[in-house]
Amino acid sequence: MEVVIPIRQLPGASDLPLPTYLTPGAAGLDLYAAVTEEVVLAPGERCLIPTGIQVAIPPGYEAQIRPRSGLALNYGITLLNTPGTIDSDYRGEIQVIVINLGQKEFCIRRGDRIAQMVVQQVARVCWQPVTQLPATARGDGGFGHTGR
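Calculation rules
Residues numbered from 1 in each chain as written. Predicted model: local features only at pLDDT ≥ 70, side-chain atom pairs only at ≥ 80, totals over all residues. Heavy atoms only, no water. Helix = DSSP H or I, 4+ residues; strand = E, 2+ residues; numbered from the N terminus. Buried < 20%, exposed > 50% of the residue type's maximum accessible area, 1.4 Å probe, protein only. Salt bridge = Lys/Arg side-chain N within 4 Å of Asp/Glu carboxyl O. Contact = heavy atoms within 4.5 Å.

Colleague: I'm lost on unusual backbone geometry in this one. Help?
Modeller: Peptide bonds are, in most cases, trans, and in most cases residues other than glycine have a negative phi. In this chain, Thr82 is followed by Pro83 through a cis amide linkage whose omega measures -10 degrees. Position of Pro83 among the secondary structure elements: in the loop between β7 (77-79) and β8 (84-86). Backbone geometry places Asn81, a non-glycine residue, at a positive phi of 60 degrees. One can find Asn81 in the loop between β7 and β8. Judged by its relative accessible area of 59%, Asn81 is exposed.

Colleague: Help me understand the pattern of salt bridges in this model?
Modeller: Side chains that differ in sign of charge can pair as their charged atoms come close. Overall, the coordinates contain four salt bridges when judged by the stated rule. Here Arg110 makes a salt bridge to Asp15, at a shortest N to O gap of 2.7 Å. Taken as a pair, Arg110 in the loop between β10 (106-108) and β11 (113-121) and Asp15 in the loop between β1 (7-9) and β2 (29-32) lie far apart in primary sequence, 95 residues in all. Residue Arg110 is classed as partly exposed on the basis of its relative accessible area of 31%. A salt bridge links Arg109 to Glu38, with the nearest nitrogen and oxygen atoms 3.1 Å apart.

Colleague: Explain the environment of Gly12 to me, please; I cannot follow it from the model alone.
Modeller: Assignment of secondary structure puts Gly12 in the loop between β1 and β2. On the accessibility criterion, Gly12 (60% relative accessible area) is exposed.

Colleague: What exactly am I supposed to notice about the environment of Val98 here?
Modeller: Its location among the elements puts Val98 in strand β9 (residues 95-100). On the basis of relative accessibility, which here comes to 0%, the residue Val98 falls in the buried class. Measuring from C-alpha to C-alpha, the distance between Val98 and Asp15 comes to 22 Å, with 83 residues separating the pair along the chain. In contact with Val98, not counting residues within four places along its chain, are Leu41, Glu45, Arg46, Cys47, Ile49, Ile77, Thr78, Leu79, Ile108 and Ile114.

Here's what the structure looks like:
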């Protein structure tokens, strides 16, 4: 299934690729860093990285912003607020909150693949107040209850 999504590259970002699927089976579109100069993140440091794009996600959908597994494994680079949600009514620039959980400085350069975006359908909730919920075998068993 394809979803048509309007996208706008911001002034000064036209040299960067649009979000891209790198393989035919990829679920996530790679997002590119639209930094104007190198950003060096020390261990434990976080920074807001622009992507240079705005999108118009259709009603009934969201875009989730997720870390790239290679950056996480190889450098300890991940995203805060993961997954981040781009709502269908948001029209600002997509930016990602990058944090360095590694032990060495990490440099982000213009055009680096910094995150990935997955577009998904979402369901709207209509609450039905009740006095009792239907029973299940699990019941109210919470954190770690299956390990006992």
